[in-house]
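Working through the structure, step by step
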Amino acid sequence: MVGPGTAALTLWAYYNQDYQHGLTLPPLTQNTLSYPTSAPAPTLHEPEDFDGTRAKFSKFMTKLALVFSSNPTRYAMDAAKISHAASYLSDSTADWFEPHLNKATGAIRFPTYEDFVRALKNAYDDPDAQATAERKLHNLRQGNKDCSAYHAEFCTYATTLNYDDVTKISFFSNRANQDLKIALSYQASLPETFDEFIQLCIKLDNRVKLLHCQTHRPAHTGPAPTTRPAPAPVPAPGTASGTAPGLMDLSQADRTPRKRGPLLPELRRYRQENYLCMYCVGSGHWASICPLSSKPKRVNAAQTAPPPPPPQEQPAKSEKPLYQLAKN
């Protein structure tokens, strides 16, 4: 049996041993507890002033919800939310909010933010939003827009209507352009969920547009060849223009109706001898009734008759030889 004194000595020995062992260890560094500090609120674009346009009401409320959720500490109270939202009301909406504010005390007569939103919605939101969204969805067409842009506009109206995936796939495919419809017709099976169907449509639409770009690309991409102007025609030489000696070429004569100078004596003599018109060098009429002349014409019976043909030279009769005369 171990007495009380022996037990006390034994415990003291164990304590002393642990103490000596602790002295041989390196000193412990004191860890300071780090408490998370509040991070600054993210910087968001403030909503635009709301002037009461029905089409802008939904976007205005969405931006307000983003601002309030980004800094819940600042906008924890409903009064802070109402004051911040009312600061963006303009034109007719500012006039609507004015009776709900006590200008003397600054108190707002809406108990909660939900009451404020409900009153503003009843005044300026579309009372039949589903009918409006359904009408816009029926009139929606893809046309020349990308499939991604068409999908974004489609979801704006389809989300309000709460359609299921089968109905949305049917509406989306029926209002797609003809190229996308043809691409979808070549698919062996189509996805059953709307999100997977949209991913397939965007891929097919991108491939179709790439194919159109490759098809309409010009074959020759180098610089265009320079075209040289054709040389001016050189008039044939003739005595009518006085460029070369030889017979007179009447085909080069100018027959346009314009004022002309007096004829040269040799030209006048040539036309007279060959019964040609003194104005246009044509045959079969005189200068007084020339169709190309701009002067008024006085026609008589003598002028209407065509000029006589040029005299034909008769072959000279050969005289009989002297020996034949001698026979006679």
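Everything that follows concerns the structure shown earlier in this document.
In this report, we go over the structure that sits alongside the text. Keep in mind that what you see is a predicted model, and the values were worked out from it rather than measured.

1. Things to note about the overall build of the protein
Counting its regular elements, the protein contains 13 helices and zero strands. Starting at the N terminus and walking to the C terminus, you meet the elements of the protein as α-α-α-α-α-α-α-α-α-α-α-α-α. Sorting the 328 residues of the protein into buried and exposed places 21% on the buried side. A sequence separation of at least 24 residues applies to 49% of the contacts in the protein between residues at least 6 apart. When the accessible surface of the protein is split by element, carbon and sulfur atoms take 57% of a total near 25400 Å².

2. Here we look at the packing of aromatic side chains
Under the criterion given, the structure shown has 18 aromatic pairs. Summarising the aromatic geometry, the rings of Phe 50 and Phe 60 are spaced 5.2 Å apart at their centres and angled 15° between planes, so their arrangement reads as stacked. Of the two residues, Phe 50 sits in the loop between α1 (4-24) and α2 (54-70) while Phe 60 sits in helix α2, which places them ten residues apart along the sequence. The pair Phe 50 / Phe 60 is uniform in exposure class, with both members buried. Through successive ring pairs, a cluster of aromatic residues spans Phe 50, Phe 57, Phe 60, Phe 68, Tyr 75, Trp 96, Phe 97, Phe 110, Tyr 113, Phe 116 and Tyr 124.

3. Thoughts on the environment of Lys 63
Summarising the element assignment, Lys 63 is placed in helix α2. Accessibility expressed as a relative area gives 34% for Lys 63, which makes it partly exposed.

4. Some details on the pattern of salt bridges
Overall, the coordinates contain five salt bridges when judged by the stated rule. Asp 115 is the partner of Arg 118 in a salt bridge, and the nearest nitrogen-oxygen pair spans 2.8 Å. With Arg 118 and Asp 115 both in helix α5 (residues 113-124) and three residues apart, the pair spans about one turn of that helix. When its relative accessible area of 47% is taken as the criterion, Arg 118 is described as partly exposed. Asp 146 is the partner of Lys 209 in a salt bridge, and the nearest nitrogen-oxygen pair spans 3.8 Å. Here Lys 209, found in helix α10 (residues 194-215), pairs with Asp 146, found in the loop between α6 (129-138) and α7 (147-161); they are 63 residues apart in sequence, far enough to count as distant. Taking relative accessible area as the criterion, Lys 209 reaches 28% and is therefore assigned partly exposed.

5. A word on the nonpolar core
If you look at the biggest cluster of nonpolar residues, it comprises 23 residues, and the most contacted ones within it are Leu 137, Phe 154, Phe 172, Leu 180, Phe 197 and Cys 201. For this core, the elements supplying multiple residues, two or more each, are α6, α7, α8 (165-174), α9 (178-185) and α10. Considering every element that reaches this core, the biggest residue donor is α10, with seven residues. Dropping the residues within four chain positions of it, Phe 154 is found in contact with Leu 137, Leu 140, Lys 168, Phe 171, Phe 172 and Phe 194. Membership of the second largest hydrophobic core comes to 20 residues, among which are Ala 85, Tyr 88, Leu 89 and Tyr 124.

Parameters and conventions
- Residues numbered from 1 in each chain as written.
- Predicted model: local features only at pLDDT ≥ 70, side-chain atom pairs only at ≥ 80, totals over all residues.
- Heavy atoms only, no water.
- Helix = DSSP H or I, 4+ residues; strand = E, 2+ residues; numbered from the N terminus.
- Buried < 20%, exposed > 50% of the residue type's maximum accessible area, 1.4 Å probe, protein only.
- Contact = heavy atoms within 4.5 Å.
- Areas by Shrake-Rupley, 256 points an atom, 1.4 Å probe, with all protein chains shown as cover.
- Phe/Tyr/Trp six-rings, centres within 6.5 Å; stacked < 30°, edge-to-face > 60°.
- Salt bridge = Lys/Arg side-chain N within 4 Å of Asp/Glu carboxyl O.
- Core = buried A, V, L, I, M, F, W, Y, C linked by side-chain atoms within 4.5 Å.

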